[in-house]
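Results of the structural survey
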Amino acid sequence: MKSVHKLPELTATLIPCEEGGFTAICNEVSGAISEGETKEEAIANLADAIQAILEVSNEMSARKLRAYAKHFGKNRRPIKSKVMERA
C-alpha cells in the first residue's frame, strides 16, 4: 500500500561531469545520488532515487516494528513508571 507524504523542500546539488551530463546529490537524504544527461534528467533521476530510499527505509522500519511487536507480545512485562514531582 503506497501513501503520499508531503515532504519539505530538498536541495539538489548539480555537478557537471567531465564526460558530459550531471551528477545530482541530495545532502538531506543519505545516499541520494544520481546522474543524467541534462540538469532536468539528473534532477528527475535524483527524485526517483530519493523515493526509492524512503520506500526502503519505511519498509525496514515496518519490519523492525513487526519484530518488536512479535517479541514483546510473547514476553510482556509490565512497564514500571515513576512520577517525578518538580521542585
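Presented here is an overview of the structure given in this document. The structure displayed is predicted, hence computed values, not measured ones.

**Some details on the overall build of the chain**
The helix and strand inventory of the chain stands at one helix and three strands. Ordered by position from the N terminus, the helices and strands of the chain form the series β-β-β-α. The burial tally for the chain puts 16% of its 87 residues in the buried class. Surface exposure of the chain reaches about 8,100 Å², of which carbon and sulfur atoms provide 56%.

**A short note on the pattern of salt bridges**
Per the counting criterion, the structure on display carries one salt bridge. Across the salt bridge formed by Glu 59 and Arg 63, the nearest N and O atoms sit 3.3 Å from each other. In this pair, Glu 59 and Arg 63 are both assigned in helix H1 (residues 39–74), four residues apart and thus about one turn of the helix distant.

Parameters and conventions
Residues numbered from 1 in each chain as written. Predicted model: local features only at pLDDT ≥ 70, side-chain atom pairs only at ≥ 80, totals over all residues. Heavy atoms only, no water. Helix = DSSP H or I, 4+ residues; strand = E, 2+ residues; numbered from the N terminus. Buried < 20%, exposed > 50% of the residue type's maximum accessible area, 1.4 Å probe, protein only. Areas by Shrake-Rupley, 256 points an atom, 1.4 Å probe, with all protein chains shown as cover. Salt bridge = Lys/Arg side-chain N within 4 Å of Asp/Glu carboxyl O.

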